[in-house]
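# Structural overview for review
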Number of protein chains: 2
Amino acid sequence: MVKITDVARRAGVSPSTVSYALSGKRPISDATRRRVQAAVRELGYRAGGGGRGAAGRRSQVLALAVPMRSGVHVPVVTQFAVSVVAAARAHDHDVLLLTQGEGEEGIGRVADTGLADAVIVMDVQLQDTRLPLLRSGSLPSVLIGVPAEPDGLTCVDLDFRAAGELCVDHLARLGHRVVALVGSPPEVYVRRTAFARRLVEGFTSAADRHRLTSAVYPCGTGRDAARAIAERLVRELPALTGVVVHNEPLIDPLIEAFGHLGLRIPGDLSLTAVCPASVAASARVPVTSVAVPSAELGTRAVHLLVRKLAGAAVPQSTLLPPRLTERASTAPRGA
Amino acid sequence: MVKITDVARRAGVSPSTVSYALSGKRPISDATRRRVQAAVRELGYRAGGGGRGAAGRRSQVLALAVPMRSGVHVPVVTQFAVSVVAAARAHDHDVLLLTQGEGEEGIGRVADTGLADAVIVMDVQLQDTRLPLLRSGSLPSVLIGVPAEPDGLTCVDLDFRAAGELCVDHLARLGHRVVALVGSPPEVYVRRTAFARRLVEGFTSAADRHRLTSAVYPCGTGRDAARAIAERLVRELPALTGVVVHNEPLIDPLIEAFGHLGLRIPGDLSLTAVCPASVAASARVPVTSVAVPSAELGTRAVHLLVRKLAGAAVPQSTLLPPRLTERASTAPRGA
DNA sequence: GAACGCCGTCGAAGCGCTTCGACGGGTGAA
DNA sequence: TTCACCCGTCGAAGCGCTTCGACGGCGTTC
């Protein structure tokens, strides 16, 4: 490992001069700066590691807490993580990966040891056990997802409530009068995962506003679950013509299951989903959808965190407005 | 952040005594140790962070380099990453996430700055640009995947060659005489990704050994690609009765495509896959498969790395033997 | 032409931790 | 009873880096 004293010797200056030349925190003559930079290049020096941390400086590391709970869609989470890493790198930070029970213990550890400068927290529940820790302020944080009480926190998310409303608005505008929400697996609601609950709220309130008949069905994943829920929908809501799906891996099997029941999409049934655009576009019937912009959320989260670290004030909640993209799965009722 | 001097004051001893009491590197009286431990508990002290690194000690961080190239199956990679984090935590380490172009730059950065003590490298190509860096020994490493020249490296992987053979052996034993391999997307082979190439080798050599007619078809993902490849197989290999699939997201669409062509599985066609057990089991026809044990690979990789860090000698290559699980997709020819 | 001030650089201190050498007191051996 | 030794503890030094205060030399200014 090349150290700052090596560079200093090579450039014929003192270590402190090297430090200043690189950080720009004090004026350094052009000539000297150039010599320092040359030495850095020749030796392949990179600051950081040990001394930096010891000197009370930042570690330039962001922690990313991803619980990886059951029922969450892996590709969405992964995409998010990847975009966080990319954004962090663009701000000269690295990313430390925290998972599982780590969710809580990990945040504490990071806060206590100063391993990371800040943390991004994913998969937030309405009442999240990690909130007290985060609110204590010992570690700057940004949450993906908005808990019930966001005071004193920084949150960013898709506006899932508006997303739910948007889907229903779209269906209502097409003349559908009976709509159902096929949601995430039951455990997700039991955990009170924020985004899932908010989507239900939006769905329900928009349906009420439009005076539609509506119902909500949490649902597991897989072909069997899809078949079961499809049959149940047909049985319990014979007049059903509009469906909103909030369950990525279920979209395709569900379309298939409706097909087996003789229901054509969008002829008999209009389908709307809240999911990543790629999933919606590659379904067996391309699905009209509200995109979940995981990549953008990741980027935003990092930006917010970096600004917080710089001491800037940031908004408490950033809710991205949902955007609906029409595809082949929706049509006017009776068309 | 509570520091070691806080603990020392609280316990009425010197900082060095605290350090020794916690590390056990020198004998400390029972009474003192107990007082130190009490102080640690009361104050919530955790060593690490700044000073540790500065004092030339290890950072207790492992880097994980996941290129996230196109054509790799995201859930497999993610599962792997999760198991690495869990295993690392069990050894009191944290995990730093490196992605993308980071693959190369990131490893260099980690090596130069001492950000992490070691690195686990995924998605290894036969000729990987990262190898020289790793062989230089500046940073202990373990590769997931075995490059063409594994000398001087530590590698762990499923024995994909044997996996390919095992699938063919199984089909041959069932009496199939014409077999095809539906592989990963073309770009994976172009990149010379080690595991994909090895599987092809195994497939081909076993087919030759059994004197079977065989062919290899790289294939993209999605329903359209599945349909196209199915039609092509039927056209080019009319006598085909055995198929090996090495392409997770294609398995289900492929089964469906064969169905559309009037080919029943396993009646007309026997299907074998190399994929995670969960994928094989939840396909629309449960598929006889050789499991890709991502979780175990992650755990193994961490174990190896930890032993390397401890100065122990570790084997150059660890190849996990493939295990084939019979499910509903294979049957004797003409049964 | 002398005093002032500023620019560019350096030395030293200090961050939190580990580790080496030393030291004091108790114990066992002679 | 004395000496030697060892056990348990401490102080100091040092890891690589940043930062503060200081200092020397130059250009200004009256």
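Procedures and definitions
- Residues numbered from 1 in each chain as written.
- Chains lettered and ligands numbered in written order.
- Predicted model: local features only at pLDDT ≥ 70, side-chain atom pairs only at ≥ 80, totals over all residues.
- Heavy atoms only, no water.
- Near = heavy atom within 4 Å.
- Polar contact = N/O pair within 3.5 Å; in protein donor to acceptor, adjacent residues only side chain to side chain.
- Nonpolar A, V, L, I, M, F, W, Y, C, P; charged D, E, K, R; others polar.
- Contact = heavy atoms within 4.5 Å.
- Buried area = accessible area lost by both parts, 1.4 Å probe.
- Salt bridge = Lys/Arg side-chain N within 4 Å of Asp/Glu carboxyl O.
- Helix = DSSP H or I, 4+ residues; strand = E, 2+ residues; numbered from the N terminus.
- UniProt positions renumbered as here; feature names shortened; annotations may be inferred.
- Patch = residues over 30% accessible without salt bridge, like charges linked within 9 Å, V, L, I, M, F, W, Y side chains within 5 Å.
- Areas by Shrake-Rupley, 256 points an atom, 1.4 Å probe, with all protein chains shown as cover.
- Lys, Arg positive; Asp, Glu negative; His and termini not counted.
- Charge placed at Lys NZ, Arg CZ, Asp CG, Glu CD.
- Pairing = 2+ DSSP bridges.
- Axes fitted to C-alpha atoms, helices over the stretch in contact; angles between N-to-C directions.
- Least-squares fit on C-alpha atoms with pLDDT ≥ 70 in both.
- Buried < 20%, exposed > 50% of the residue type's maximum accessible area, 1.4 Å probe, protein only.
- Expected span 1.5 Å × (residues − 1).
- Arc of directions from axis to C-beta.
- Parallel < 35°, antiparallel > 145°, perpendicular 65-115°, else oblique.
- Left-handed = near helix turned anticlockwise from the far one by under 90°.
- Phe/Tyr/Trp six-rings, centres within 6.5 Å; stacked < 30°, edge-to-face > 60°.

### Quick notes on the protein's contact with DNA strand D
Near DNA strand D there are 27 residues, and of these A:I4, A:R26, B:T17, B:T32 and B:A54 occur at the shortest range. In DNA strand D, the atoms that sit within 4 Å of the protein are 58% sugar and phosphate, with bases accounting for the remainder. In the model, a phosphate oxygen of DNA strand D is placed 3.1 Å from a nitrogen or oxygen of the A:Y45 side chain. Take A:R57: an N or O atom from its side chain is 3.4 Å from a phosphate oxygen of DNA strand D. Of the residues that constitute the surface near DNA strand D, the class distribution is 11 nonpolar, 10 polar and 6 charged.

### Observations concerning the interface of chain B and chain A
Listed per partner, the contact involves 39 residues of chain B and 39 residues of chain A. Between chain B and chain A, a total of about 3200 Å² is buried, with carbon and sulfur atoms accounting for 56% of that surface. By the criterion of area lost to chain A, the three top residues of chain B are B:R46, B:L97 and B:R223, representing 20% of everything that side buries. Here chain B and chain A share 10 salt bridges between them. The shortest N-O distance in the salt bridge between B:R46 and A:E105 comes to 2.7 Å.

### Here we look at the protein's contact with DNA strand C
In the vicinity of DNA strand C there are 27 residues, among which A:T17, A:T32, A:A54, B:I4 and B:R26 approach most closely. B:R52 places a side-chain nitrogen or oxygen 3.0 Å from a phosphate oxygen of DNA strand C. Those elements that provide at least two residues to the surface near DNA strand C are α2 (15–23) of chain A together with α2 (15–23) and α4 (50–54) of chain B. A breakdown of the residues in the surface near DNA strand C according to their chemical character gives 11 nonpolar, 10 polar and 6 charged.

### Concerning the UniProt feature "domain: HTH lacI-type" (unreviewed entry) in chain A
Under the present numbering, the feature "domain: HTH lacI-type" (unreviewed entry) in UniProt falls on residues 2–56 of chain A. In residues 2–56 of chain A, the share of helix is 65% and the share of strand is 0%. The end C-alpha atoms are 21 Å apart.

### A word on a positive patch on the surface
Together, A:K25, A:R52, A:R57 and A:R58 make up a region of like positive charge exposed at the surface. Along the polypeptide, A:R57 turns up in the loop between α4 (50–54) and β1 (61–66).

### Here we look at the sheet that holds strand β10 (residues 288–291) of chain B
Residue and element names in this part refer to chain B. With mixed pairing, 6 strands are arranged side by side in an open sheet as β7-β6-β8-β9-β10-β12. The sheet terminates laterally at β7 (213–217) and β12 (324–325), the two strands that pair on one side only. Summarising the sheet, strand β6 (residues 178–182) and strand β8 (residues 242–245) pair through 4 bridges and their orientation is parallel. Note that in β8 the partner of A180 across the bridge is V243. Packed on one face of the sheet, helix α8 (residues 160–173) meets β6, β8, β9 (270–275), β10 and β12 and runs near 165 degrees to β9.

### Side note on the relation of the copies chain B and chain A
Once chain B is rotated about the relating axis by 180 degrees and shifted along it by 0.0 Å, it coincides with chain A to within an RMSD of 0.1 Å. What the rotation and shift describe, once combined, is the action of a two-fold rotation axis. Residue B:L96, judged by its C-alpha, is the member of chain B lying nearest the rotation axis, at 2.1 Å. Taken together, the interface assignments show that 100% of the residues at the interface of chain B recur at the interface of chain A, consistent with an identical surface on both copies.

### Some words on the side chain of A:T154
All names here are of chain A. Relative to the helices and strands, T154 is located in the loop between β4 (141–144) and β5 (155–158). Residue classification places T154 among the buried residues on the basis of a relative accessible area of 4%. Engagement of the side chain of T154 in a polar contact is seen with the side chain of K308, the distance being 2.8 Å. When neighbours within four sequence positions are excluded, T154 is seen to be in contact with S141, V142, L143, L304, K308, V314, P315 and Q316.

### Description of helix α3 (residues 30–43) of chain A
Note that an α-helix has 3.6 residues per turn; residues three or four places apart therefore point the same way. Residue and element names in this part refer to chain A. For α3, built from 14 residues, the straight-helix expectation of 20 Å at 1.5 Å per residue is met to within 8% by its first-to-last C-alpha distance of 20 Å. Restricting attention to buried positions, one finds in α3 the residues T32, V36, A39 and V40. For α3, the angular spread of the buried residues around the axis is 100 degrees, confining them to a single face. Facing away from the buried side of α3 by more than 90 degrees, the exposed set consists of A31, R34, R41 and E42. Turning to α3, the residues buried within the fold contact α1 (4–11) and α2. Looking one or two residues past α3, G44 carries a phi angle of roughly 70 degrees, positive in sign.

### Concerning unusual backbone geometry
For the bond from A:I265 to A:P266, the omega torsion is 5 degrees, close enough to zero to count as cis. Considering the arrangement of structural elements, one finds A:P266 in the loop between α12 (251–260) and β9 (270–275). Positive phi outside glycine occurs at A:R192, with the angle close to 60 degrees. Mapped onto the fold, A:R192 is located in the loop between α9 (186–190) and α10 (194–209). On the accessibility criterion, A:R192 (33% relative accessible area) is partly exposed. In the Ramachandran plot, B:D123 falls in the positive-phi region, its phi being about 50 degrees despite a non-glycine side chain. Mapped onto the secondary structure, B:D123 falls in the loop between β3 (118–121) and α7 (131–135).

### Overview of the pattern of salt bridges
Considering all chains together, one arrives at 42 salt bridges over all chains under this definition. Where A:D6 meets A:R9, a salt bridge forms, and the shortest distance between an N and an O atom there is 3.7 Å. Linking A:D6 with A:R9, this pair stays in helix α1, spanning 3 residues, or about one helical turn. Residue classification places A:R9 among the exposed residues on the basis of a relative accessible area of 60%. One salt bridge connects A:D128 with A:R130, and the closest N-O pair in it is separated by 2.8 Å. By the burial criterion, A:D128 is buried, and A:R130 matches it. Put simply, A:R223, A:D252, A:E256, A:R284, B:R223, B:D252, B:E256 and B:R284 are held in one network by salt bridges that share partners.

### Examining the packing of helix α5 (residues 74–90) of chain B against helix α14 (residues 294–309) of chain B
Residue and element names in this part refer to chain B. For the pair α5 and α14, the least separation of the axes is 7 Å and the interaxial angle reads 40 degrees. The orientation of α5 relative to α14 falls into the category oblique. Here α5 runs over α14; the crossing is right-handed. Listed contacts from α14 to V76, Q79, F80, S83, V84, A87 and A88 of α5 are S294, A295, L297, G298, T299 and V302. The class makeup of the residues in the contact of α5 with α14 is 8 nonpolar, 5 polar and no charged.

### Looking at the packing of aromatic side chains
Residues and elements named next belong to chain A. Summed over all chains, the structure comprises 2 aromatic pairs over all chains. Between F160 and F195 the ring centres are 5.0 Å apart and the planes differ by 50 degrees, which places this aromatic pair in the tilted class. On the criterion of sequence distance, the pair formed by F160 in helix α8 (residues 160–173) and F195 in helix α10 is long-range, its members being 35 residues apart.

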